[in-house]
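Descriptive structure summary
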There are 2 protein chains.
Amino acid sequence: MPHAHPVSLKDIRKAVPELKGVVARTPLFENADVNALLGGRLLLKAESLQRTGAFKIRGAYWRVLNMSPEERARGAVTYSSGNHALGVARAAQLLGSSAVIVMPDDAPAAKVEAVRALGAEIVTYDRDTENSADVVWRIETDTGRIEVPPSAHPLVLAGAGTAALEMLEQAAAMDAMLDAVLVPCGGGGLTASTAIVMAEASPATAVFAVEPELFDDTRRSLEAGARIGNPKGLRTICDAIMTPIPNDVTFPINLDLLAGGLVASDDEVREAMRFAFEHFKIVTEPGAVVGLAAILNGRIDIRDRTVATVITGGNIDARRFAALLEE
Amino acid sequence: MPHAHPVSLKDIRKAVPELKGVVARTPLFENADVNALLGGRLLLKAESLQRTGAFKIRGAYWRVLNMSPEERARGAVTYSSGNHALGVARAAQLLGSSAVIVMPDDAPAAKVEAVRALGAEIVTYDRDTENSADVVWRIETDTGRIEVPPSAHPLVLAGAGTAALEMLEQAAAMDAMLDAVLVPCGGGGLTASTAIVMAEASPATAVFAVEPELFDDTRRSLEAGARIGNPKGLRTICDAIMTPIPNDVTFPINLDLLAGGLVASDDEVREAMRFAFEHFKIVTEPGAVVGLAAILNGRIDIRDRTVATVITGGNIDARRFAALLEE
C-alpha cells in the first residue's frame, strides 16, 4: 500500500485555475534534429521561460494566495539562493503582501539585484558557517512573518506540481508517452510533485532526481533509505540546487515514488548549457540543465524511448552566462 | 483598387498543412512584467526557436517541396548569409535533394559550419566587389540547379507567411488584437508575407519593416516610392538583414501594404539582445531583434496598445553572443 503523501494530484489540479493568468504555460520543446542525433525523443519543459525566470513562482504564489488576509499583512519570509526568492518576492508583490528573503552571501548578483527590484528585503548568511533555517526561524519569531519554504510545504508542492501536469498534457498533445522524466533536484520539491503527478496520472513514467555530482544527497539518501547530508565546504556551478540535505517533507515522497537518483558533473552541465544554447536557443542557468546533462551523457537510455526533463530556470548574469559558454 | 500580389492569404493557408510536422509552431511570448514596464502589450513570435534556428525553413521547404522530381534531382542553389542557407540545406536534405549555397566570405562561422554539416556545398563571394546574384546565376547556368531565392519567389513568400498566420491565431487565442507588427526586414519577404496576412485577415493591424539604420533601403524606398539601394562598404552587426536593395518581387507588395519603415542602431540592437536575454531568456541574433529594438526605443507607440514583432532567428556563435552581451 502506498504511503499517504501530503499532496495529491487533486491538490495540484486545484491550483491550476488559480495560477492561470499569473504564471505562464511554458512550452514543451522538441527538436526533430536533436531527436535524430539522440535516437529517441527528448522533451524539454522550459520553465526558464516562466515568469520570474523559474518554476518557483508556481509554488510561491499558491502558498501566498492561501494565506489569510492577516497573514498576508504580516508578510512572507524564506531562504533561497535566488529563484524561489524571485518567486516569493513577485508573489508577495502581486498579492499586496511583503517578503524578507534570506540568501547565501555568494548568491549570483543578478538574482540578488532582481529580488531587491521586486521590493523584497534581503538578509544574507554564510553557507558554510550558518544554517539558513536558523536565520529564517529568528526572523519568523521576531517579526511574525509566515515562512514560505522553497519545497517543504504542501501548498508549495501543489503549485510546483502544476508544471508536471502541464508537461504531461503537452506530451499527450504531441502523442508522446513519457518513459522517463528527469527533474533537477535541490530541496526535492519539484521532483516530489512531479513524482506524485506521474504516479497518479502516468504510472508507467519513471521519475528520477538529478543532482550535481558533489551534491548528491538525494541520490545517496534514496540508496540508504534515510536522509544523508552533503559535506560542508563543497561548491558547484549549480547554485540553484546546492542543498545540504533532503528535507523531511519531500524526501519521504521521493523515497516512495522515485525510480532513482542520477548525477552530472559541472563540466557536463556546461556542455548541456551550450547544447541548449545551440540547439534550442534558450538561456539556461547551470542548475537547470542537470537533467539534460544526464541524458546527453548516457545516464539514462533515450534510444527508441521518450525522455523529458524540466529546464527549471534561466536566471543568470550575462557575464556569467558568457563565461560558462566559453569555458 | 489594390494591386494584384503574387501571393494571397489562400496561398499561405495552402502551405500550412504541408509544413506541419516539419516546421515547429513557435511560441508567441508575452511577459506580464515587461508589459507593465512598457505600459502596453508586447508579443514576441519566437522564430529563433524554429527548426534550423530561423523562420527561413518555412519558405525554403515549401519551395523545394513544390519542385518536380526532376528538379529536385538537379538540386537547389541560393545565396544567403546563413539562415536561409540553413533552411534550404535542411529542406533539400529532408526531401532527398541537394543544395549549393553562395555565402558572403564574412558570414558568421557558426552559420557556415552548420550549413556544411547539413550536407550543402558552399561557394563564397566578396560582398563589396561581387554581386551574389551573378554567382548564383553562373551556378544555375552551369549546373541546371533551381534557384530558391531568400525572398523573391511566391512559394518562398507563401511559406514564410505561415509564421504570420500562426502569430495572428496565437494572438487571437490570447485575446490580443494586434495594433502593429514590426518585422525585421532584409530582402523583405517575411515583411511582405506578413503584410499580406494582415491585410486580408486583420486589416486594422499596421505592418512596419524594421532595418538596421545604415541598411534602411526599404524605408527610403518606401518614402521615395521606388527601389533605392544602400551604399557599398557599410557594415552592421545585423548580418542576416544586410541587403543591398529591395527586390522587385517583395518591394511592390511592401510599397502597397506597409504602414512604413523604422530603423534601429547597432547599439540599440545589442541592448535589445540583452533585453531578450534577461526578460525572455532567449538567444537571439542581432538581425532578429531590430523590431524589438525599435519598440524599446520608442520608434512606435506601445502605450495602451498591442505591438508584436518577429524574433526572426537565433543562429549565433557562443563567442559572438557572449561578446555582444558584454559590450
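Up top is the structure.
Since the structure is predicted, the reported quantities are computational estimates derived from the model, not experimental observations. (Residues numbered from 1 in each chain as written. Chains lettered and ligands numbered in written order. Predicted model: local features only at pLDDT ≥ 70, side-chain atom pairs only at ≥ 80, totals over all residues. Heavy atoms only, no water.)

Residue and element names in this part refer to chain B. In total, this model carries one cavity of 30 Å³ or more according to the counting rule given. Along the walls of the largest cavity sit Phe-55, Lys-56, Gly-59, His-84, Pro-150, Ser-151, Val-156, Leu-157, Ala-160, Gly-189 and Leu-190, which together make up its complete lining. Looking at the lining of the largest cavity, the elements that each hand over two or more residues are α3 (56–65), α8 (154–173) and α9 (189–201). In terms of residue class, the lining of the largest cavity is built from six nonpolar, four polar and one charged. (1 Å grid on protein atoms, 1.4 Å probe; cavity = no way out; pocket = protein on both sides within 12 Å on 5 of 7 lines; lining within 4 Å. Points joined across faces, edges and corners; volume = space filled by probe spheres on them. Helix = DSSP H or I, 4+ residues; strand = E, 2+ residues; numbered from the N terminus. Nonpolar A, V, L, I, M, F, W, Y, C, P; charged D, E, K, R; others polar.)

Below, the discussion takes up the interface of chain A and chain B. Taken residue by residue, the interface counts 24 residues in chain A and 24 residues in chain B. When the buried area of chain A at its contact with chain B is split by residue, Asp33(A), Phe277(A) and Lys281(A) rank highest and sum to 30% of it. The interface formed by chain A and chain B holds four salt bridges in total. A salt bridge links Asp33(B) to Arg51(A); the shortest N-O distance between them is 2.7 Å. Taken together, the links from chain A to chain B amount to ten residue pairs in polar contact (both at pLDDT 80 or more). (Contact = heavy atoms within 4.5 Å. Buried area = accessible area lost by both parts, 1.4 Å probe. Salt bridge = Lys/Arg side-chain N within 4 Å of Asp/Glu carboxyl O. Polar contact = N/O pair within 3.5 Å; in protein donor to acceptor, adjacent residues only side chain to side chain.)

Residues and elements named next belong to chain A. Considering all chains together, one arrives at 40 salt bridges over all chains under this definition. A salt bridge links Arg-25 to Glu-169, with the shortest nitrogen-to-oxygen separation between them at 3.2 Å. With a gap of 144 residues between them, Arg-25 in the loop between α1 (9–19) and β1 (28–29) and Glu-169 in helix α8 (residues 154–173) connect regions that are remote in the sequence. A residue is classified by how much of its surface remains accessible, and Glu-169, at 37% relative accessible area, is partly exposed. Close ionic contact of Arg-235 with Asp-106 constitutes a salt bridge, the shortest N to O distance being 3.5 Å. Note that Arg-235 is positioned in the loop between α10 (217–224) and α11 (250–257) and Asp-106 in the loop between β4 (99–104) and α6 (109–117), a separation of 129 residues in sequence. Given a relative accessible area of 34%, Asp-106 falls into the partly exposed group. A network of salt bridges, in which partner residues are shared, links Lys-45, Glu-47, Arg-58 and Glu-166. (Buried < 20%, exposed > 50% of the residue type's maximum accessible area, 1.4 Å probe, protein only.)

This part is about helix α5 (residues 83–94) of chain B. Look at α5(B): 16 Å from first C-alpha to last across twelve residues, which is about the 16 Å you get at 1.5 Å a residue. Across the twelve residues of α5(B), ten count as buried, placing the element largely inside the fold. On the buried face of α5(B), the contacting elements are α2 (32–38) of chain A together with α3, β3 (76–79), β4 (99–104) and α6 (109–117) of chain B. Two residues or fewer after α5(B) comes Gly96(B), characterised by a positive phi angle close to 70°. (Expected span 1.5 Å × (residues − 1).)

So, on to the nonpolar core. Among the nonpolar cores identified, the biggest contains 82 residues, and Leu42(A), Leu182(A), Phe321(A), Leu42(B), Leu182(B) and Phe321(B) are the most heavily contacted of them. Beyond its immediate sequence surroundings of up to four residues, Leu182(B) is in contact with Phe208(B), Val210(B), Leu262(B), Gly291(B), Ala294(B), Ile295(B), Ile300(B), Val307(B), Ala308(B), Thr309(B) and Val310(B). Membership of the second largest hydrophobic core comes to 65 residues, among which are Leu43(A), Ala92(A), Ala171(A) and Met198(A). (Core = buried A, V, L, I, M, F, W, Y, C linked by side-chain atoms within 4.5 Å.)

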